[in-house]
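Residues per chain, in single letters:
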Amino acid sequence: MKKYLISPYKKQYKANMHSHSTFSDGKLTPEELKKAYKERGYSVFAFSDHLTVTAHNELADEDFLPLTSAELDVAQQGDECFNLRKSFHFNIISRDPEHFEHVKCNPRNYSLEYINSLIADAKAKNYFVTANHPNWALFTEDEFLQIEGLNGFELYNCITANFGGALSFTPEIYLYLLRNGKRIYPIGADDNHSFCMPFSHPQNDSFGGFTYILADNLDYNTIISSLDRGDMYCSMGPQFLEVSIENNKIFIKTSDVKQISIIGENNNTKAKNALKEHNVNEYSTNLEDFGKFFVLHITDKNGNHAMTRAFYKGEDY
């Protein structure tokens with residue numbers, strides 16, 4: 001019997017899971033952000049302004065869903081430059097757009113214990129919690145391993161890739177956490193503030209990273225349920241169109257890419273690469289011993305990536 005890991009029968013809603021408007025330090029109003037992103041095919045948008053959860057339910061329509069959210073942060077204190085101090089930023093997305101509690105955060109109270117207490121508070125108040133721009137945080141992999149309760153993890157953050165000194169697509173920490181027992185989902189986001197460059201500039205902080213959310217329809221509860229199940233993947237452009245398993249074989253269908261790869265918990269990796277000046281968009285192979293899980297990764301001719309969550313043996317395949 002065929003089992004779909006990414007179903008061709010579900011819609012893929014393009015989402016920006018991290019943004020800033022004039023409600024905090026962004027340049028554009030929520031209305032302007034909706035217009036710009038909707039024109040470029042986005043359907044889901046998290047207005048994650050700093051420290052205070054704000055609902056923008058009035059912006060919802062049949063083709064656009066605002067998520068009620070905020071970005072919280074804590075940072076080391078000291079005399080050295082801020083960019084040399086460790087900090088931890090995370091988004092909280094309310095599972096209920098109408099009824100939500102605020103999470104009180106002291107940005108100067110930096111410790112791993114305090115970070116974990118904030119996440120626990122957010123989870124108790126019914127929020128989906130995502131770690132933001134991990135490479136910018138200056139954390140070691142083992143420090144990230146001590147963070148408890150995360151639902152999501154940004155594999156790509158557009159503004160730090162373009163302006164913040166972090167590499168563009170960095171799955172190494174994500175894979176390290178998966179291999180050490182953390183079950184978290186991959187997020188792509190802009191973290192756009194819209195003050196760096198105009199939309200037409202190649203270094204603008206918008207439309208660079210996003211999350212495809214797989215769902216039957218565009219309503220708040222359905223989208224949140226998809227996030228909770230991990231029915232999403234991180235992308236900078238390429239798409240997974242179908243992933244299915246039948247008779248111990250995996251079938252992967254994608255947009256045109258240069259490489260399709262399967263990365264296991266262990267060091268077992270299988271891949272299909274395109275010949276020079278060509279693309280591939282399908283890969284079928286026998287399932288092997290990938291350990292407890294595998295993730296799928298694709299790269300297109302422009303160096304843009306997409307990566308799925310971990311699919312676990314005995315649960316997902």
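Look up: the structure comes first, before these words.
None of these values were measured; they are calculated from a predicted model.

(A) Fine view of the overall build of the chain. For the chain, the count of helices and strands is 6 helices and 18 strands. The C-alpha radius of gyration of the chain comes to 19 Å, within 12% of the 20 Å expected for a compact globule of 317 residues. In terms of overall dimensions, the chain has a C-alpha envelope of 55 × 40 × 40 Å along the principal axes. In the chain, 65% of the contacts between residues at least 6 apart in sequence involve partners at least 24 apart. With an accessible surface of roughly 13700 Å², the chain has 47% of that area assigned to carbon and sulfur atoms. Between the centroid of the 31 positive side chains of the chain and the centroid of its 42 negative side chains there is a distance of 6 Å.

(B) Quick peek at the nonpolar core. With 43 residues, the main nonpolar core has Phe 88, Ile 92, Ile 115, Phe 139, Phe 153 and Leu 178 as its most contacted residues. Those elements that provide at least two residues to this core are strand S4 (65-75), strand S5 (87-94), helix H2 (112-124), strand S6 (127-131), strand S7 (152-157), helix H5 (172-179) and strand S16 (293-299). The greatest single-element share of this core, amounting to 6 residues, is contributed by H2. Other than its neighbours up to four places away in sequence, Ile 115 contacts Val 74, Phe 88, Tyr 110, Phe 139 and Ile 147. Membership of the second largest hydrophobic core comes to 35 residues, among which are Ile 6, Leu 214, Val 257 and Leu 296.

(C) Representation of H2 in the model. If you check H2, its first and last C-alpha atoms are 18 Å apart, about what 13 residues at 1.5 Å a residue would give, namely 18 Å. For H2, the full list of buried residues reads Leu 112, Tyr 114, Ile 115, Asn 116, Leu 118, Ile 119 and Ala 122. Looking at the buried side of H2, the elements it contacts are S4, S5, S6 and helix H3 (141-145).

(D) Up close: the pattern of salt bridges. By the definition in use, this model includes 14 salt bridges. Taking the shortest distance from any N to any O, the salt bridge between Lys 313 and Asp 289 comes out at 3.7 Å. Placement of Lys 313 in the segment after strand S18 (311-312) and of Asp 289 in the loop between strand S15 (280-286) and S16 is noted, with a sequence separation of 24 residues between them. Among the charged side chains, a network of salt bridges with common partners joins Lys 10, Arg 229 and Asp 231.

(E) Layout of the sheet that holds S15. Across the sheet, 4 strands lie side by side as S1-S11-S12-S15; this open sheet has antiparallel pairing. Each having just a single partner strand, strand S1 (3-6) and S15 make up the two edges of the open sheet. Here the average twist between neighbouring strands, direction ignored, is 20°. Looking at chain direction, strand S12 (residues 249-257) and S15 are connected through 6 bridges and run antiparallel. Following the sheet pairing, Phe 251 is matched in S15 by Ser 284.

(F) Representation of the pairing of strand S3 (residues 44-47). Burial of S3 is two-sided: the residues Val 44 and Ala 46 facing one way and the residues Phe 45 and Phe 47 facing the other way are all buried. Pairing of strand S2 (residues 11-16) with S3, which is carried by 2 bridges, proceeds in the parallel orientation. Pairing of Asn 16 across the sheet is with Phe 45, part of S3. By the bridge criterion, 4 bridges tie S3 to S4 in an arrangement that is parallel. The residue bridging Val 44 from the neighbouring strand is Leu 65, located in S4.

Rules and cut-offs
- Residues numbered from 1 in each chain as written.
- Predicted model: local features only at pLDDT ≥ 70, side-chain atom pairs only at ≥ 80, totals over all residues.
- Heavy atoms only, no water.
- Helix = DSSP H or I, 4+ residues; strand = E, 2+ residues; numbered from the N terminus.
- Rg over C-alpha atoms; globule rule 2.2 N^0.38 Å.
- Contact = heavy atoms within 4.5 Å.
- Areas by Shrake-Rupley, 256 points an atom, 1.4 Å probe, with all protein chains shown as cover.
- Lys, Arg positive; Asp, Glu negative; His and termini not counted.
- Charge placed at Lys NZ, Arg CZ, Asp CG, Glu CD.
- Core = buried A, V, L, I, M, F, W, Y, C linked by side-chain atoms within 4.5 Å.
- Buried < 20%, exposed > 50% of the residue type's maximum accessible area, 1.4 Å probe, protein only.
- Expected span 1.5 Å × (residues − 1).
- Salt bridge = Lys/Arg side-chain N within 4 Å of Asp/Glu carboxyl O.
- Pairing = 2+ DSSP bridges.
- Axes fitted to C-alpha atoms, helices over the stretch in contact; angles between N-to-C directions.

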